Amino acid sequence: MSGAVKSYAAVDLGASSGRVMVGRVGPDSLELTEAHRFVNRPVRVPEGLRWDVLGLYAGVLDGLRAAGQVDSVGIDSWAVDYGLLDADGALLGNPVHYRDSRTEGVAEKVWATVPAQELYAATGLQYAPFNTLYQLTAARASAQLSYAERLLLIPDLLTYWLTGEQGTELTNASTTQLIDPRTRDWSYDIASRLGIDLGLFAPLRQPGDSAGVLRDEVLEEVGLSGPVPVTAVGSHDTASAVAAVPAEGERFAYICTGTWSLAGLELDAPVLSEESRAANFTNELGLDGTVRYLRNIMGLWLLQECVRAWGDPELGALLPAAAEVPALRSVVDAGDSAFLAPGRMPERIAEACRDSGQPVPASPAEITRCILDSLALAHRRAVAEAQRLADHPVDVVHVVGGGTRNALLCQLTADACGLPVVAGPTEAAALGNVLVQARTHGLVGDLTDGRRLLTRTQPLTRYEPRGDAARWREAEARLARG
């Protein structure tokens, strides 16, 4: 490996904010700094909920300008959403937000053609109403889709604007429900039966592949000297985050926390059993031939929406107050689709508790504690069921992402799972993004080498389980009865 230190711009787009981070990597060093952060605020227009993708692209350009000269750029983002291009390569309208209502009732129409059991056996993807497959089915009669010549997932769309080159990165493609996780290629049979034209998608790319170089116009606008390569990374942010789990060996579970909680295991092969489908586990593709076997949980979205409804109080005061509320007094199903849409979150959580005959949380502290207990309980269930369904025992749970800043949630997760929790790194998606770029330049070896580098260079916090495991079992049984 070279002894030089190189700089990489990691564009990391989340559902509520975007950031451009700069990773400086040497043979035994990895430093991450924030160059620019910007809001990702969806817009409701008469036709529905849309992403402000031009605003996001402007934020990316601002971030590259602030980052300064870099050796490569990589982009990761949330999954499933896409932009449509016409024959001239122009965007046909703002991309639809996955929380838009257009997919309501669509899954049943899909299952009438391809039963849910067959769909899972072919694609391994859990049911979520916003999967790209359902979005495309909902859009079948739309004018936009009829005029479209190309479909690009969000990070691939932004990469196209930066480089002029089109591709479909594999880890994100695996969230469309149109990829066979065994072949790591398109599921041609499923697409054909559902009338989905796979010709809309650009050729598949692997993490580490070249995605072009910054166009001359981009270089001029952001003040960089070319050529600056753009590298395909694990462009699904969870794929990048899992790549940055600082684990040793194979006996670990991970929870990527943020707006969503993604809880599961890293496996060598998918789990496509009917029992796995019924438990709503998904098989998404990761780096180096791995499979991310996980369950999507609503995550800190519940708390984010409540905080917004309360007028944005400081979490620094809210979390200590929540810690004083009696544990497991009331819990809700954090994976319930009833909590998917924005608005009225405190009222909806209170209603769920009332409907299940539990004490109704009223104050912000009580509702916050209900949310965190419920998330920890959902983490417990996901980690336990993943081990059983995959026959893959674990000794530790790694928590990465924004939720690592929430010490109460990390401790509750350790208590609920009955396993040590290692929290960190916080900017896992950006770090995984950087590691793939560094691998391309020979500064980092395989996935194991990258994780060892993270362990040596990133701050980590360990939480040991405490408390009464029987109380968590009782809460789990109460939720099942409710």
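The structure under discussion appears in the preceding block.
The notes below deal with the structure included here. These numbers come from a predicted model, not from an experiment. (Residues numbered from 1 in each chain as written. Predicted model: local features only at pLDDT ≥ 70, side-chain atom pairs only at ≥ 80, totals over all residues. Heavy atoms only, no water.)

### Some words on the overall build of the protein chain
Counting its regular elements, the protein chain contains 19 helices and 21 strands. Oriented by its inertia axes, the alpha-carbon framework of the protein chain measures out at about 60 × 55 × 45 Å. By residue count, 59% of the 482 residues in the protein chain fall in the buried class. Look at the contacts in the protein chain between residues 6 or more apart in sequence, and 73% of them connect residues 24 or more apart. Entry remark: accessible area of the protein chain is about 18300 Å², with carbon and sulfur atoms responsible for 49%. (Helix = DSSP H or I, 4+ residues; strand = E, 2+ residues; numbered from the N terminus. Buried < 20%, exposed > 50% of the residue type's maximum accessible area, 1.4 Å probe, protein only. Contact = heavy atoms within 4.5 Å. Areas by Shrake-Rupley, 256 points an atom, 1.4 Å probe, with all protein chains shown as cover.)

### Concerning the nonpolar core
Within the largest apolar cluster, 130 residues are counted, with the highest numbers of intra-cluster contacts made by V25, L158, Y293 and I349. It is helix α15 (residues 364-390) that provides the largest number of residues to this core, a total of 13 residues. Those residues within four positions of V25 in sequence are excluded, and the remaining contacts are A4, V5, K6, Y8, L30, V434, A438, L443, V444 and L453. One finds L84, A173, I190 and L285 within the second-largest nonpolar core, a separate group that totals 31 residues. (Core = buried A, V, L, I, M, F, W, Y, C linked by side-chain atoms within 4.5 Å.)

### Considerations on the packing of helix α14 (residues 345-355) against α15
It is at 11 Å that the axes of α14 and α15 come closest, and there the two elements cross at 70°. On the basis of their axis angle, the class for α14 and α15 is roughly perpendicular. Regarding α14 and α15, the two cross each other, and that crossing is left-handed. Here α14 contributes P346, I349 and C353 to the contact with α15, which in turn contributes I367, C370 and I371. (Axes fitted to C-alpha atoms, helices over the stretch in contact; angles between N-to-C directions. Parallel < 35°, antiparallel > 145°, perpendicular 65-115°, else oblique. Left-handed = near helix turned anticlockwise from the far one by under 90°.)

### Here's the deal with the sheet that holds strand β21 (residues 461-463)
Read across the open sheet, the 7 strands follow the order β17-β18-β16-β15-β19-β20-β21; overall the sheet is mixed. Two strands bound the open sheet, and with one partner strand each, they are β17 (282-285) and β21. Averaged over all adjacent pairs, the angle separating strand axes in this sheet is 30°, with direction ignored. Here strand β20 (residues 421-423) pairs with β21 via 3 bridges, running antiparallel. Bridge assignment links V422 to a residue of β21, and that residue is R462. Most of the contacts of α15 go to strand β18 (residues 291-297), to which it runs at about 150°, and overall it touches β15 (252-257), β16 (261-267), β18 and β19 (396-401). (Pairing = 2+ DSSP bridges.)

### Considering α15
Its 27 residues place the ends of α15 38 Å apart at the C-alpha level, agreeing with the 39 Å of an ideal helix rising 1.5 Å per residue. Burial within α15 is extensive, with 20 of its 27 residues counted as buried. After α15 finishes, the residue D391 shows a positive phi value of roughly 50°. (Expected span 1.5 Å × (residues − 1).)

### Concerning the pairing of β17
Because side chains alternate across β17, one face comprises the buried residues T282 and E284, and the other comprises N283 and L285, equally buried. Here 4 bridges tie β17 to β18, and the two strands are oriented antiparallel to one another. Bridge pairing in β18 links L285 to V291. Where β17 folds back on β18, the antiparallel hairpin that results is connected by 5 residues, among which D288 adopts a positive phi of roughly 55°.

### Topic: the packing of helix α17 (residues 428-440) against helix α18 (residues 447-457)
For the pair α17 and α18, the least separation of the axes is 11 Å and the interaxial angle reads 125°. Classified by the angle their axes make, α17 and α18 are oblique. For α17 against α18, the interelement crossing comes out right-handed. Contact residues: α17 offers L431, L435 and R439, while α18 offers L447, G450, L453 and L454. Class assignment for the residues of the contact of α17 with α18 results in 5 nonpolar, 1 polar and 1 charged. (Nonpolar A, V, L, I, M, F, W, Y, C, P; charged D, E, K, R; others polar.)

### Description of unusual backbone geometry
Trans peptide bonds make up the majority, and among non-glycine residues the majority have a negative phi. Put simply, G226 and P227 share a cis peptide bond, and its omega is -5°. Relative to the assigned elements, P227 resides in the loop between α9 (216-222) and β14 (229-231). Its identity is not glycine, yet Q177 carries a phi of approximately 70°, on the positive side. Following the sequence through the fold, Q177 ends up in the loop between α7 (170-173) and β10 (179-180). With relative accessibility at 2%, the residue Q177 sits in the buried group. A positive phi angle, near 50°, is found at D391, a position not held by glycine. Take D391: it is sitting in the loop between α15 and β19.

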